[in-house]
Amino acid sequence: MHFRLLGPVEAVRGEEPVSLGGTKIRTLLAALLLEPRRTVPADRLIDILWDDDPPGTARALVQTYVSTLRRAVGDEVVVTRAPGYQAWVEDDALDRHRFDTLVAEGRAAAADGRHRDAANALRAAELLWRGPALGGVRSRILDAEAARLDEQRIAAVEARIAAELELGRNDELIGELTVLAGQHPARSTLRAHLMLALYRADRTGEALTVFRQAREALVEELGIEPGPELTALHERILRADPGLLGPEPAAPRPYRRGGPAQLPPDPADFVGRESLIEELETALTDGPAVVALLGPGGVGKSALAAHVAHRVIAAYPDGQLHADLRGNTDTPASPAEILGRFLRALEPEQAVPDGADERMDAYRTLLAGRRVLIVLDDAAAEPQVRPLLPGSGGSSVLVTSRSRLGGLAGARLVGLDLLSTAEATDLLTRVAGADRIAPAPQAAAEIVAACGNLPLAVRVAGARLASRRQWTAALMATRLRDERRRLDELSAGDLQIRMSIGLSFDSLDPVAHTAICWLGHLGFSDFRSWVLAYALDVDILTAEQILEQLVDAHLVDYTYVDDNGQLRYRLHDLIRIYAREQAERHQARDALIAATRRVVEAWSAALSRLSQHIADHVTSGAVLPIAPRPGAGADPEVLGSAADDPRGWLNTEQTSLVLAVERAAELGLAEQAVAVASVLCASRYALGNVPDLWNRAHRAALGAARAAGDAHAEAVLLAELGQLRYEQDAFTESRQHLAEAAERFRDLGDDRGRASALSALGLACREQGYLPEAVHFLKQASELAEALGDDRAAGHCARVLGSVHLERGEYQATDEALNAAMAAYRRAGSRRGEALSLRTIGLAHRAQGRLTEAEQALNRALAIFEELGDKQLIAFSRRALAKTYVRMGRLEQAREPLQEALAVHQATGDRWGEAMVLRTMGELDLAAGRLDDAGKWLGAALAIFRGQEAALFCARTLRDIAALELARGDRAAAETARAEALRTFRTFGAREYQELCT
């Protein structure tokens, strides 16, 4: 595991960031990592976490946060050492240590005069940074440490630039220094570096202007004159001190003995690719080489080639040739054409042979014994490049292409990735100007994300901002949000993303062109080859061959190999948008509908294999999903690991499944959209997937069902939406959907659907304290379930009905209902239902003071939930046990299960569960006499319950608060809380009304 402080605070396991939870956990981790293997006292952690205003429960909260952090990063990392805690991490596991080591190496190399080694080490240190230090941390104490780290970063940048100035890299540093000086106007060293680079580039006037601007800024903002370093440099420039010229630049002028100098300009705003640049520079400097830079249009191949070529000019004193091969245009350059140009450049006075072979022979003869760099931009394929390769000698070739060029023997093939987010933001800043981007980091992040980190797109967005001074970065981000307009927005002068992507599309054969258009129309974020096979109605092998063509054209990328050993592919967002445009413009709508139907029905067939698994796990009264229409068996290519690992399969495919529903709904394929969406929602309960995605799918499918007039599908989807809202603690909206669904099922004569909707409606009423209504709906549901002979549903209704009787203090009815529930679940063979019944039986025992029996029942339930691996219900059972321990006076035994349950509910976003645990923690501290701590917990629980309109649970919390205020001696506050609780208990017919009145 690795830890990062130089940017957002992160723990990384392998390549994946570990979920740390909230700001407090992240701040705690940062505080420990800043002093690795040293004990940080708990009192200092309290000061760090809460500044000057710690709560009374601060020490207990630190323990809770430490427990949560240990679950995230491991017990071996966070160690208890009196009087506090340690982060036990190796030096190499911490980016701050690696930064310090590299900076020390760089400074030592500079002191020895090894300026290239110094620059390399210091640049490597810079690459460890991902943003301002200690990102995501909120603490005034740690703010000072973050500022110190940021100061070290900019000092390292200054040292690296000093080393590169010693290497003569003056021209290429000017752009970077201009940006840095603007970002840090008070740093004289940066201003001095910029002045020196400009002076050495024969731009003396600009160097003097930098001094004047620096002086004005210092006088205006700080009321001081420039320091001696800057003043002395200014005076030396004025008298043209020859000592300022420094070493000869890496690209001496003239470059060579009268050889050609055809390189395009080195991009002034080039950013990133540092390690790759070093690799290419070494390869091209050490000896003759053929290097091919490969990647999609707009990824920055040409810019990188020009940048690297300028850095290695000194290694090629006999000249540099450059040609645009126009590989992705309608008129690609022929080898004979390029050979003619090169021959005229190498030997202007010699006649150029007519034949292509003769030109190639003459070209290779001229290159023999020379060191010439040949840059070939935008090659179409290997046959266009081979005649342009030297036959012998010390010349090298640097070629760029959107094709893979796998047949170019002996070539070093280098694929270019997208820029990192930090690099893309840097590029945007350089193009648009720091004054436009630095004040709006969130907008900048949105712009970069909308551009998909593609350099050309980022450059275009920056150019539009730069040319429209009245626009803000936020406005640009807003304009890019609409995918339908995004490609229109990414156009500035002759820089156009649509045109760049279109060149790659134009080179495809008709089948591959149709394939990429249909993939764009489907819109999947990532996919397997079967998707294209079904879309085109071809076999898997043919689909894979087509995908390989698209991969070779850099229009489709590999992502990873899934658990079945199958490759997964993806489209860059901008390519996907362009492909969808082309599909809607040039493909017949009937063909698009047919392709979408085939793909969605393939998903549907695979999901049908999950239907029984879901039915076995749903015990919350959920409506069973609409079964997909019977048809051919699920294709093994589509099914993948669904049968063996439903949870993993759905986690992998969930986004694509939702997109499939949305696309089917858009095209009027209501039956297919409904079938997939229905199973997805049910899988949410069985498999714990993402409810927001399922909500998107259900909204789309519900609209399609209504448009198609499918009343049954509409009823099922309404019921499932109601259950989804219940899971999200939106109880009022849940009841509305479920009531509407129950009416639809009644009108359709669907007793099974009506029973499910009514039982779910009863459960939602119970949560909000509408107890008579809950009894009414649950009894109706129970009668329907028994008439249908559905033991699982009957068990569910009886169990929830028993819990409602318990809320009302009707203990005999509670016992009868729970016994009936247990019997029904056992007949159905449902271990999960049995455990749920045992948990409710434990609550009933506890309410009646039978605490030993309560403990036994709850432990039996917990054992079954642990056997089933249900984290949420394990957490609920632990809370119920902890509350039983409080009633038994075993207070210390209650704390750990409560902390564990709280961590689970917070990690899953279960606010209802969180509030229940917080209230119990308040009861624990109240019983222990820790009144301030109890007040914090109970206040937090009450706030959540009020937000969920859970009046009965608000009243129970208020009853506890009344006891707390009485213990504090504030009888007026106690009576106020008690009176509000009593009114609610009376209104809802809860058992507590009688308890408080007796």
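This section reports on the structure supplied with the text. Owing to the predicted nature of the structure, the values given are computational and were not obtained by experimental measurement.

Rules and cut-offs
- Residues numbered from 1 in each chain as written.
- Predicted model: local features only at pLDDT ≥ 70, side-chain atom pairs only at ≥ 80, totals over all residues.
- Heavy atoms only, no water.
- Helix = DSSP H or I, 4+ residues; strand = E, 2+ residues; numbered from the N terminus.
- Buried < 20%, exposed > 50% of the residue type's maximum accessible area, 1.4 Å probe, protein only.
- Contact = heavy atoms within 4.5 Å.
- Areas by Shrake-Rupley, 256 points an atom, 1.4 Å probe, with all protein chains shown as cover.
- Lys, Arg positive; Asp, Glu negative; His and termini not counted.
- Charge placed at Lys NZ, Arg CZ, Asp CG, Glu CD.
- Expected span 1.5 Å × (residues − 1).
- Arc of directions from axis to C-beta.
- Axes fitted to C-alpha atoms, helices over the stretch in contact; angles between N-to-C directions.
- Parallel < 35°, antiparallel > 145°, perpendicular 65-115°, else oblique.
- Left-handed = near helix turned anticlockwise from the far one by under 90°.
- Nonpolar A, V, L, I, M, F, W, Y, C, P; charged D, E, K, R; others polar.
- Phe/Tyr/Trp six-rings, centres within 6.5 Å; stacked < 30°, edge-to-face > 60°.
- Lys NZ or Arg CZ within 6 Å of the ring centre and 35° of its normal.

## Thoughts on the overall build of the protein chain
(1) Moving on: Along the protein chain, the regular secondary structure elements total 47 helices and 16 strands.
(2) Moving on: Dimensions of the protein chain along its principal axes, counting C-alpha atoms only, are 110 × 70 × 50 Å.
(3) Moving on: Scored against the burial criterion, the 998 residues of the protein chain give a buried share of 55%.
(4) Moving on: Of the contacts made within the protein chain by residues no fewer than 6 positions apart, 67% connect residues no fewer than 24 positions apart.
(5) Moving on: Carbon and sulfur atoms provide 50% of the accessible area of the protein chain, an area that totals close to 41,200 Å².
(6) Moving on: Side chains of the protein chain give 117 positive and 140 negative charges; the mean places of these two sets differ by 4 Å.

## Quick look at helix α9 (residues 204-222)
(1) Moving on: Spanning 19 residues, α9 covers 27 Å between terminal C-alpha atoms, matching the ideal 27 Å at 1.5 Å per step.
(2) Moving on: When α9 is considered as a whole, its buried residues turn out to be Ala 207, Val 210, Phe 211, Ala 214, Ala 217 and Leu 218. Axial view of α9: buried residues confined to an arc of 130 degrees, hence all on one face.
(3) Moving on: Next to the buried residues of α9 lie α8 (188-200) and α10 (228-238).

## Observations concerning the packing of α8 against α9
(1) Moving on: Their axes nearest at 7 Å, the elements α8 and α9 cross at an angle of 165 degrees. The orientation of α8 with respect to α9, classified from their angle, is roughly antiparallel. Like other packed secondary-structure pairs, α8 and α9 cross with a definite hand, here left-handed. Residue-level inspection shows Arg 191, Leu 194, Met 195, Leu 198 and Tyr 199 of α8 in contact with α9, the latter providing Thr 204, Glu 206, Ala 207, Val 210, Phe 211, Gln 213, Ala 214 and Ala 217.
(2) Moving on: Of the residues belonging to the contact of α8 with α9, the class tally is 9 nonpolar, 2 polar and 2 charged.

## Description of the packing of aromatic side chains
(1) Moving on: Taken as a whole and assessed by the stated rule, the structure comprises 14 aromatic pairs.
(2) Moving on: With a centroid separation of 5.6 Å and 40 degrees between ring planes, the pair formed by Tyr 558 and Tyr 569 is classed as tilted. Of this pair, Tyr 558 sits in strand β15 (residues 557-561) while Tyr 569 is found in strand β16 (residues 567-570), placing the two residues 11 residues apart along the sequence.
(3) Moving on: According to the relative accessible area criterion, Tyr 569 is buried, its value standing at 3%.
(4) Moving on: Among the aromatic residues, ring-to-ring pairing joins Tyr 726, Phe 731, Trp 912, Phe 945 and Phe 953 into one connected group.
(5) Moving on: Against the face of Tyr 316 rests Arg 371, its NZ or CZ located 5.0 Å from the ring centre.
(6) Moving on: The positively charged end of Arg 468 is found above the aromatic ring belonging to Trp 471, 5.2 Å away from the centroid.

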